[in-house]
Every structure is written in C-alpha cells, then in structure tokens.
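Analysis of the macromolecular model
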Amino acid sequence: MKITKILCLTATAVLVTMYTRGEERAFDPVEYVNPLVGTQSTYELSTGNTYPAIARPWGMNFWTPQTGKMGNGWIYVYTADKIRGFKQTHQPSPWINDYGQFSLMPLTGRPEFDENKRASWFSHKAETAKPYYYSVYLADYDVTTEITPTDRAAMFRFTFPKGDSYVVVDAFDRGSFVRVIPEENKIIGYTTRNSGGVPKNFKNYFVIVFDKPFTFCKTVVNGSMTDASEQTGDHTGAVIGFGTRRGEVVHARVASSFISFEQAQLNLQELGRNSFDRIVAQGKSAWNEAMSRIYVEGGSDDQLSTFYSCLYRSLLFPRKFYEIDARGTVVHYSPYNGKVLPGYLYTDTGFWDTFRSLFPLLNLMYPSQSREMQEGLLNTYRESGFFPEWASPGHRGCMVGNNSASVLTDAYLKGVKVGDAEMLYEGLVHGTQAVHPKVSSTGRLGYEYYNRLGYVPYDVKINESAARTLEYAYDDWCISRLAAALGKPRSEVELYEKRAMNYRNLFDPETRLMRGRNRNGAFMSPFSPLKWGDAFTEGNSWHYTWSVFHDPQGLVDLMGGPDGFVQMLDSVFNVPPLFDDSYYGGIIHEIREMQVMNMGNYAHGNQPAQHMIYLYDYAGQPWKAQYWLREVMNRLYNNRADGYCGDEDNGQTSAWYVFSALGFYPVCPGTDQYVMGAPLFRKAVLRFENGKLFTIEAPENGPGNRYIRSASLNGEKYTKNYLTHGNLLRGGKLQVKMDRVPNKKRGIAPEDFPYSFSTERKHPVPPGQPADK
C-alpha cells in the first residue's frame, strides 16, 4: 500500500500538532473507539448487527470473541454471558454470514472439544476491546486471553493458572482438515465452511505455532477425539496441552491464506520477531494513522467516541482479499474462477448499501486505498464477466440495483482512476444488458423490460420492480457521466441520459409518490404508500420516492414546485410510524426499527432514506435539513452497545454519521458536490493525501445551536448549500456561525441549490465537465 505519509508516527500513537486553547497535544483517536458499539442486537431488532472486529484497517482477517454457536450469524452478542472460542472471521453481516472461519479456545483441567461444554462465563467488566487489541478473562478456566492482529496474521497471548492447560483448535464443520506437528509446536489445517460465493476448490489454510512444547496432542473428527496426527472430515479439530505454572504465558502465532499452506506460512512473517506488545503498538499506530486523516474537537466525549467509532467501522470493509507472494507480488485467489491470479482484490461489501457514502468517503479521504479497490473491481469483471453488486467473497444473491456503476464512476470522476478505463466502461455497459446466470442480483434483472419500456413492470414476476427502476435510472446517469468524461460518441451519452429520466415513469401525480407500474402502463392497484417490500426493497413508497439522487429538481417539478416538495418531505416525519407488512407476512426488523424510533415514517435504520433529509437543500429550506440531521445524530447514534438504529452495513451507516458530523454529505455520488447540513463539532480538520488541509470551524456550535446563521469559505461569504470536491482538496477554511434559530434567508436562491440533472439539461455544459464548476 502506497499512502502518502503526512503524519508523524510513533509506535503507539500518531503525533499530530493540534492546538487546543493554545496547547500542543498528541492526537490519539483510536482510544475513542468502542468496537462493541452495535453488538446489542437480535434477529428481531438490530442496533447495528455488528461484532467487535479486532483487525487492521481493511485487513484480510478479522478476529472476534465468539458467543454464538458455530454457524450462527450473530457471532458476538453483548447480552451473552459465555464465550465458545476466539474466531477468525470474514463475516460482513449476519444476514450474509461467514466463510473461511476457525477458532482457538484455551481450557484448563481436562480437554473438551464440544463448543457448548468448553464455553466459559465472562463479564464485560473483565473485557477490553480495542480495534487493535482484545482481552478477556475466562472465569471457568482462570485464563486471560489476549489477541492482536496484523492484516493476515495474529498473535494470541494466554495467561494460564497452575495445572493442566489446553488449547482447542476448531476447524469447523462442512469440510475441514487438521494436522498436529508436535516437533514444531505447530498445527496446520484448512476450513471450507462458507455461506456461498465460492468455487469448489475454496479453502482457508491456517498455520498455528506455539512457543511451548506440547505434552498432550489429540485430533478430533466428527466429535471423536483420537491419537491420529491428522484428520479430514466434516468437522475436524485438535486439542493440544501442556503443564503450566500459575501466571505462565503461552503465545500462539496464527496466520491464514486462501492460496496454500506455503502462503499461510509466508503470511505468518507479518508478525516478524516482534513481541506481543510490539504488535499491539504497531496495530495502534496503523489505526491512528488511518483515523488521523480526520480530526474533530469541540464536542462531548460521547460525541467524539461515537464519531471515531463510526470512522473505525468505515475503515473495515471492503476487506483485502489479496496476499503477497514469495517474490513480493500482489496475488489473490479468485472466488470467481478458483485460480490464483495477479493483482488486487477486495471483498465483503454490498453496493446497495455502500455506494451512498462509504465509497465516497474512501474516495475523498483514502484515495490510494480506494484505487486498489477499484482495480480489484476490474479484476472481478475480468474473472467473472460482471462487476459485483454484493460480494462475499464472490458474487452473492442479495439486494437490488446495479450500483457498481455509482461506485466505479464516482471514483473515476474524483481522480481515483483505474489503469484500464475502457474495460471499466465496457463492464458497466455490459451490466446494463445482462444478468448473471447464477446470481440474479448481479447485472440487471429485468433489463429487457427496463431498456424497452423505461421501467421494470410490477406484473412480470420480478420482485421489487419499482426499486430496481429507480436505482437503474440513477446508475444510467452515472454511466452517462463516465461516457462523457471518456469522450464517447454523443449518441451513447444521450442514450444513458435519456434512461436517467426513467424515474419519471413511476411517479404517480395523484399521490405524488413513486408507484409500481404494470406492463400495460397502468399503475399497480391497490396501492398503499405504507406497504413495505412488494414494489420496493426493505422500505415503502414514502422511503423510495426520494431515490432520485441525480435529479432532485426534477422531483421538485413533478411534485408541483418547492412548496409541494417540502410538504411531502415534512410528511415523512409527520406521518405516524404506521406500516403494512403483508408482503413479508410479518414484521421484519427494519420495520420494527423505524417503528420504535419515534420519528414518524422516517427509517434511518435502512439505507434508502438516509439521504432524504439533505433534499431540503434543493428546495430552499436548508434549515429543516439542519434540524433533522442534528435530531438523527443526537437520538439515533451513540457510543454504546445499542449505538445504531438498524444494521450498520459495512460502513455505510457509519460513514453517514462521519460525513454528517462534518457538516456535508454526498447525496449524489458521480457529482463533485457534497450537500451541506451543519457541523456537529466546533472544529474539524481534514488531512488529504495531497498534503492539503481543510478546516471547518464553528466556534458557537453546541447542543442549543444547530442552525447555520452564516458561512464563509476562505474568507469570502458563502451561501451555497453544497461544497465541491475541489473546494475540499485545494485546502482552505470553512467558517460557520451557528445559531439557535434558523436563518430562513440563507441558501434559498436557486443558484445556491446543489446539482440536479434537469437543471444541467436546461443549461448544458461541455461533456465531462462537472455542472457545478
């Protein structure tokens, strides 16, 4: 990874010269992070559906304590009281579940492999969770377990009591292998357990080396403990042991690879000859280096902790799926064709969620990392014939849309450019006229209807047709922008520009809402705006009507002008949290999360509505955005185990908070604009890879002052409701005067409104040039 070093590093912290009340101090943002945020979740109600990911930023392997049973997507739940093991995990979501997993568990007294019998009581009072370090006391065994990771390896430190001590290695079920090599204090093995998206030859190979000789060695197959040195079967594992004195420390060095045992052994070299404490310090520095790109001050400790906990979640996914071979070459096992190939690959993200703000955050603050991800997306196209829409590790059937167009276009237009732009464009065009033969959520399901009629019909047995249409229209706008930037023929640009207006085909002037439409042109009937699912995806018409990211002005026009548009926006909060769950046959967790938040029909816990509040800026009432954004940040986020109001979803819901707390948000990835809300903190500093700094100062900010009275950009009065990518990357200062009452005269002129495609069509700009310049 080649990232410009603009920060001064030490082994334990990033020292950034910051001045608070005239005093220089060290900046240590990782210490604000609580990895347990969002773990107080259940199947019925998500407060994040997260687990404590102990990892490096974007690391290939995460580690987590395991409270759930083998195969349970809820790996770690805050309300649990027993730990079954310490698991290497690649799980992006409990709904997608895991792959490439195995675990270690220390025991004392007698050997026990069964996960229920070996489980130990623990308490959060004897638990420490940091992004780079985890420790817990296992009460049943009087053992303290500590973990610290690198990208592809980790070190365990077990502190045992006096007596017979053991470590269980569980390779899990659905096909695994273990071998104990006592003369090397080593265990090797592989696991094939997965939840889909892998070829037949998929394996996660692991190597574990202890620093104490074994006095006890057993292998396990399908529940039977044997003296054999190796086992292959449905469910295999090993138990090794040694006599220990009280307080004796035993280390285990662990690494894995999706390529081979030899590569796993090579990945073990990431630990080097470093001590456990040295790796802890290196991990802390890695997180501080990444997180110090954004400095905030002038909020409560809880707000600082919530902010940096969200930033931590934003820097986990998509994760590395590439390795470095013996020649120093970047290679990866392809989950698309089963071959080992050169080049980058990242995985474990769903674009339906993350195109909205997670990838724009990476493009803005971490472009070098994003460029690797973008090259990895090109490799996915080369290896499978499609860009991914949900990958874990390969194509997975989940959600709707063709939002790879957004992810790839936004990066390219913001200067995060892949080496082969022609292949990029080719792959995006291919996705508009094909669907993956085995994974219907990849490509465009219903493209034949959409390309011919301008919408996916409701009555052709394609679920969630209206959601697909709205997202395809935005994705076509993205492709039109890329086509123009690449100098494609005007006829190609115009084709996708025309399709970008297809959202209009679903607008029902009677209800002023989006509505499913039949093949004959008639709107679906009966129609309930409160019906979740059916024509929409995990939401209802009140949520999806606003999914016109590229043309809010067009939506304003359809609704009869700004007053009607604002009235409809207001109604989302004024309508009671009523719902129709008949499509699902019961209340799904996303419905319940909307219902209990007491914000009307606004459903921030799911992605379709997360940009909605910012649309007030397009209708000349930005103060309403400022009010509701502060409400959401204050009421729906915190730094505790119930810290989210729905699924966190691979950094998207976290990135929303990061952007919104800074005071702006990428409503429409593919433009170079960030729509303004109002900053949460009194000061923020963005440190870009180009060495420039952008400072946001709001000295009067506080609980009672949530409205922007006035703003200046680099000393000049600033009335626009957006900032541009260029404004930020050139560096400078945004000074904001906050007030407790709204200023209803600022940001009300049409020339202050953010980008809309309809406005651009009325006042065209040269192809490829951003409309907001």
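Our subject in this report is the structure included herewith. (Residues numbered from 1 in each chain as written. Predicted model: local features only at pLDDT ≥ 70, side-chain atom pairs only at ≥ 80, totals over all residues. Heavy atoms only, no water.)

1. Remarks on the overall build of the chain
On a plain count of helices and strands, the chain comes out with 20 helices and 39 strands. Taken over the C-alpha trace, the chain has a radius of gyration of 26 Å; the compact-globule value for 773 residues is 28 Å, and the two agree within 12%. Of the contacts made within the chain by residues no fewer than 6 positions apart, 71% connect residues no fewer than 24 positions apart. Of the roughly 26,100 Å² of accessible surface on the chain, a fraction of 48% belongs to carbon and sulfur atoms. Side-chain charges of the chain comprise 82 positive and 81 negative groups, with the mean position of each set lying 2 Å from the other. (Helix = DSSP H or I, 4+ residues; strand = E, 2+ residues; numbered from the N terminus. Rg over C-alpha atoms; globule rule 2.2 N^0.38 Å. Contact = heavy atoms within 4.5 Å. Areas by Shrake-Rupley, 256 points an atom, 1.4 Å probe, with all protein chains shown as cover. Lys, Arg positive; Asp, Glu negative; His and termini not counted. Charge placed at Lys NZ, Arg CZ, Asp CG, Glu CD.)

2. A closer look at the sheet that holds strand β35 (residues 693-697)
Neighbouring strands of a sheet are bound in pairs by backbone hydrogen bonds; such pairs are parallel or else antiparallel. An order of β22-β34-β35-β39-β36-β37 is seen for the 6 strands of this open sheet, with the pairing classed as mixed. Each having just a single partner strand, β22 (294-297) and β37 (716-717) make up the two edges of the open sheet. By the bridge criterion, 4 bridges tie β35 to strand β39 (residues 732-739) in an arrangement that is parallel. When the sheet's bridge partners are listed, E697 is paired in β39 with Q735. The sheet contacts of helix α18 (residues 652-662) involve β22, β34 (683-687) and β35, and relative to β22 the element is tilted by about 60°. (Pairing = 2+ DSSP bridges. Axes fitted to C-alpha atoms, helices over the stretch in contact; angles between N-to-C directions.)

3. Digging into the packing of helix α6 (residues 358-365) against helix α7 (residues 367-384)
Look at α6 against α7: their axes get within 6 Å of each other, and the N-to-C directions meet at 125°. Taken together, the axes of α6 and α7 lie oblique to each other. On the side of α6, the interface is formed by F359, L362, N363, L364 and M365, while α7 contributes P367, S370, M373 and Q374. (Parallel < 35°, antiparallel > 145°, perpendicular 65-115°, else oblique.)

4. Section: the sheet that holds strand β7 (residues 102-108)
Taking strand neighbours across the sheet as the criterion, the 7 strands line up as β4-β6-β7-β13-β20-β17-β18 in an open arrangement whose pairing is antiparallel. Either end of the sheet is taken by a strand with one partner, and the two such strands are β4 (62-66) and β18 (224-226). Going from strand to strand, the sheet's axes swing by 25° on average, the running direction of each strand aside. Looking at chain direction, β7 and strand β13 (residues 163-170) are connected through 6 bridges and run antiparallel. Looking at the pairing, L104 lines up with V169 of β13.

5. Quick word on the environment of S165
Relative to the helices and strands, S165 resides in strand β13. For S165, a relative accessible area of 1% translates into the label buried. When the C-alpha atoms of S165 and V736 are compared, they prove to be 61 Å apart, with 571 residues separating the residues in sequence. With residues near it in sequence (within four places) discarded, S165 still touches L107, T108, F160, I240, G241, F242 and T244. Side-chain polar atoms of S165 contact the side chain of T244, separated by 2.7 Å. (Buried < 20%, exposed > 50% of the residue type's maximum accessible area, 1.4 Å probe, protein only. Polar contact = N/O pair within 3.5 Å; in protein donor to acceptor, adjacent residues only side chain to side chain.)

6. Focus on helix α16 (residues 589-596)
Among all positions in α16, only H589, E590, I591, E593 and M594 are buried. Against the buried residues of α16 lie α13 (541-544).

7. So, the pairing of strand β17 (residues 216-221)
The pairing of β17 with strand β20 (residues 236-244) spans 6 bridges and is classified as antiparallel. Its bridge partner lying in β20, K218 is registered against V239. In this structure, β17 lies alongside β18, joined through 3 bridges in antiparallel fashion. Its bridge partner lying in β18, T219 is registered against T226. The antiparallel pairing of β17 with β18 creates a hairpin that spans 2 residues between the two strands, and N222 there sits at a positive phi of about 50°.

8. Concerning the nonpolar core
Core analysis: the biggest nonpolar cluster contains 220 residues, and L104, I208, I294, F307, W546, L662 and F664 have the highest contact counts within it. Broken down by element, the residue count for this core peaks at 12 residues, all from helix α11 (residues 465-485). Beyond its immediate sequence surroundings of up to four residues, I208 is in contact with F102, L104, V169, N185, K186, I187, A252, R253 and V254. One finds F202, I259, F321 and Y336 within the second-largest nonpolar core, a separate group that totals 11 residues. (Core = buried A, V, L, I, M, F, W, Y, C linked by side-chain atoms within 4.5 Å.)

9. Remarks on the pairing of β35
Sheet topology note: the β34/β35 ladder contains 5 bridges and is antiparallel. Note that in β35 the partner of A684 across the bridge is I696. The antiparallel pairing of β34 with β35 creates a hairpin that spans 5 residues between the two strands, and G691 there sits at a positive phi of about 90°.

10. Overview of unusual backbone geometry
Here the amide bond leading from F317 into P318 is cis, since omega sits at -5°, within 30 degrees of zero. With respect to the helices and strands, the residue P318 is situated in the loop between α4 (301-314) and β23 (319-320). Put simply, S525 and P526 share a cis peptide bond, and its omega is 0°. Checked against the element boundaries, P526 lands in the loop between β31 (513-514) and α13. Backbone geometry places D348, a non-glycine residue, at a positive phi of 70°. Among the residues examined, D348 registers a relative accessible area of 0% and is labelled buried. One non-glycine residue, N714, adopts positive backbone phi at about 55°. Its location among the elements puts N714 in the loop between β36 (707-713) and β37.

11. A short note on the packing of α7 against helix α9 (residues 421-431)
In a packed pair of helices, the relevant descriptors are the angle between the two axes and the axis-to-axis distance. Their axes nearest at 10 Å, the elements α7 and α9 cross at an angle of 60°. Looking at the two axes, α7 sits oblique to α9. You can see that α7 and α9 cross each other, and the crossing is left-handed. Within the contact between the two elements, α7 uses L378, Y381 and R382 and α9 uses M423, L424, E426, G427 and H430. (Left-handed = near helix turned anticlockwise from the far one by under 90°.)

12. Thoughts on the pattern of salt bridges
Opposite charge on two side chains permits them to pair, given that their charged atoms come into close proximity. On inspection of all chains with the given rule, the structure shows 34 salt bridges. One salt bridge in this structure joins R157 and D277, with 3.2 Å as the shortest N-O distance. Taken as a pair, R157 in strand β12 (residues 153-160) and D277 in helix α3 (residues 276-291) lie far apart in primary sequence, 120 residues in all. Taking relative accessible area as the criterion, D277 reaches 47% and is therefore assigned partly exposed. K414 serves as the salt-bridge partner of D410, at 3.0 Å between the closest nitrogen and oxygen. For the pair formed by D410 and K414, the shared burial category is buried. One salt-bridge network, in which partners are shared between bridges, spans D28, E31, K130 and K284. (Salt bridge = Lys/Arg side-chain N within 4 Å of Asp/Glu carboxyl O.)

13. Some words on the state of the cysteines
Tallied over the entire structure, the rule returns 0 disulfides. Among the cysteines around C668, which has no disulfide bond, C478 carries the closest sulfur, lying 6.3 Å off. Judged by relative accessible area, which is 4%, C668 ranks as buried. (Disulfide = S-S within 2.5 Å.)

14. So, the packing of aromatic side chains
This structure, assessed with the given rule, holds 56 aromatic pairs. Taking the centre distance of 6.2 Å and the plane angle of 80° together, the rings of F659 and Y665 count as edge-to-face. Using a relative accessible area of 0% as the deciding quantity, one classes F659 as buried. Using a relative accessible area of 1% as the deciding quantity, one classes Y665 as buried. An aromatic cluster of three or more residues is present, and its members are W63, F102, F156, F158, F160, F206, F210, F214 and F242. It is R319 that lies over the ring of F62; its NZ or CZ is 3.9 Å from the centre. Over the ring of Y755 we find R481; its NZ or CZ atom is 5.3 Å from the centre of that ring. (Phe/Tyr/Trp six-rings, centres within 6.5 Å; stacked < 30°, edge-to-face > 60°. Lys NZ or Arg CZ within 6 Å of the ring centre and 35° of its normal.)

Note that all results are geometric; they support no functional claim without further evidence.
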